[in-house]
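Spelled out from the first residue to the last, the chains are:
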Amino acid sequence: MSDKRDPHHFENDAALIAAMLEGDSTAFEKAVALYHPRMVTIAKAIIGEAFAEEIAQDAWISAIRSLSEFAGRSSLNTWLIQITANAAKTRLRREKRQVSLDENWQKKETDDRFDHTGHWQEPVAQWELETPEAILANSELSDIISQTFEQLPPQQQAVLSLYDLEGESMTEICNILDISASNARVLLHRARSAIQQKIAQYQDND
Amino acid sequence: MLKCREIEQLASDYLDQDLSFRQRMAFKMHLFMCHNCRNYLRQLKTTISSIRLMPVNQSIVVDDKVKDLAKQLREQTSKT
Ligand SMILES: [Zn+2]
């Protein structure tokens, strides 16, 4: 269902791009509101916090320059993510110095959910809110989920968005972020697990 | 025999069908015997479906920061 009164509503990528090429300011606002946060996440995952905003803005500028040549072979989202990832990787090479990403994912910290024999410390209960619909219908829980998502370390957030929200393949994700398949899988599981633990905490206390 | 801790670590791979046949069998064997891990797996599955249902595309926020960048980019197009 489309709401024709919403000035920021565009039927699809093609309509949005056409409006942007005509210089329609609401089209630009829509595109920035929708895609800029995702581009910043990708940039952060590759090059870290410090340059991410700048990289994303540069990526926009090069995207806008070639917008008329964008043939729609991929989605606008995928295309923007690729431009951003390339810009971040180029910058990373130029910076040469070690950019410190805020996670030592290789480091296997002890997980206090398990005892020394590898069994669960506490029994794992069945959730009272058992379906995703029931969980998202609970406004506190749905806030907890989006907050946890926002606070994930950038690499985890990027992998989770690309895989679970945008349905990209693992191969594509590894290309975009320049990480190995096993890293990507670990990051994905960490991210999902962080959200699962928050939901469990809420459901256990209720 | 896999431990619960290993089940936790392999759970996403299991749900995404990314385990080898052998690993998959060992995983299922543990699930068969462990009530906690069955519940855990169900929690993780529900979590993933909830994440996938998150309303990311519907809710866009057009604040001043968005407007500024949008304006800047629009001016860029008219220059070229
Ligand atoms: Zn178990």
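Residues numbered from 1 in each chain as written. Chains lettered and ligands numbered in written order. Predicted model: local features only at pLDDT ≥ 70, side-chain atom pairs only at ≥ 80, totals over all residues. Heavy atoms only, no water.

J.: Can you walk me through the coordination of the zinc ion in this structure?
T.: For a metal with four tetrahedral donors the ideal donor-metal-donor angle is 109.5 degrees, while six octahedral donors give ideal angles of 90 or 180 degrees. All names here are of chain B. The zinc ion binds to the protein through Cys 4 (SG), His 30 (NE2), Cys 34 (SG) and Cys 37 (SG), with metal-donor distances spanning 2.0 to 2.4 Å. Between the four donor atoms coordinating the zinc ion, the angles at the centre fall across 103 to 112°, so the site counts as tetrahedral. Linear spacing of the donor residues for the zinc ion on their chain is C-x25-H-x3-C-x2-C. Linking Cys 4 in helix α1 (residues 4-15) with His 30 in helix α2 (residues 21-33), this pair joins segments that are 26 residues apart in sequence. The same class applies to Cys 4 and to His 30, which are both buried. (Donors = N, O, S within 2.8 Å, 3.2 Å for Na, K, Ca; no water. Tetrahedral: all angles 85-135°; square planar, octahedral: opposite > 155°, others 65-115°. Helix = DSSP H or I, 4+ residues; strand = E, 2+ residues; numbered from the N terminus. Buried < 20%, exposed > 50% of the residue type's maximum accessible area, 1.4 Å probe, protein only.)

J.: What am I meant to see in the interface of chain B and chain A here?
T.: Where interface size is given, it is often the accessible area lost as the parts come together that is meant. Counting residues at the interface gives 42 residues for chain B and 54 residues for chain A. Buried area between chain B and chain A, both sides added, is near 4,400 Å², and the carbon and sulfur share of it is 65%. For the pair chain B and chain A, the interface holds eight salt bridges. Inspection of the region where chain B meets chain A yields 17 residue pairs in polar contact (both at pLDDT 80 or more). For the side of chain B that touches chain A, the elements supplying multiple residues, two or more each, are α1, α3 (35-53) and α4 (64-79) of chain B. At 15 residues, the largest contribution of residues to the side of chain B that touches chain A is made by α3 of chain B. The residue inventory of the side of chain B that touches chain A, partitioned by class, reads 17 nonpolar, 14 polar and 11 charged. (Contact = heavy atoms within 4.5 Å. Buried area = accessible area lost by both parts, 1.4 Å probe. Salt bridge = Lys/Arg side-chain N within 4 Å of Asp/Glu carboxyl O. Polar contact = N/O pair within 3.5 Å; in protein donor to acceptor, adjacent residues only side chain to side chain. Nonpolar A, V, L, I, M, F, W, Y, C, P; charged D, E, K, R; others polar.)

J.: What is the right way to read the side chain of Glu 29 of chain A from this model?
T.: Turning to its location among the elements, Glu 29 of chain A is positioned in helix α2 (residues 25-47). The contact partners of Glu 29 of chain A, leaving out residues within four places of it in the chain, are His 8 of chain A together with Val 62, Val 66, Lys 67 and Ala 70 of chain B.

J.: Can you walk me through the nonpolar core in this structure?
T.: Generally speaking, a soluble globular protein has its nonpolar side chains buried in company with each other. Residue and element names in this part refer to chain A. Of all hydrophobic cores here, the largest spans 67 residues; its most connected members are Tyr 35, Ile 42, Trp 60 and Leu 177. In terms of residue count, α2 provides more of this core than any other element does, 14 residues in total. Both domains that furnish three or more residues to this core are identified here as domain 1 (3-95) and domain 2 (101-206). Apart from the residues within four sequence positions on either side, Ile 42 is in contact with Ile 81, Ala 85, Ala 158, Leu 162, Ile 176 and Leu 177. (Core = buried A, V, L, I, M, F, W, Y, C linked by side-chain atoms within 4.5 Å. Domains from an automatic or database assignment.)

J.: Just to check I follow, could you spell out α1 of chain B for this structure?
T.: One turn of the α-helix equals 3.6 residues, which is why residues spaced by three or four share an orientation. Here α1 of chain B spans 16 Å end to end across 12 residues, near enough to the 16 Å set by a 1.5 Å rise per residue. Looking only at α1 of chain B, the buried set comprises Cys 4, Ile 7, Glu 8, Leu 10, Ala 11, Ser 12, Asp 13 and Tyr 14 of chain B. Those residues of α1 of chain B that are buried are in contact with α9 (181-205) of chain A together with α2 and α3 of chain B. A positive phi of about 60° marks Gln 17 of chain B, the residue just after α1 of chain B. (Expected span 1.5 Å × (residues − 1).)

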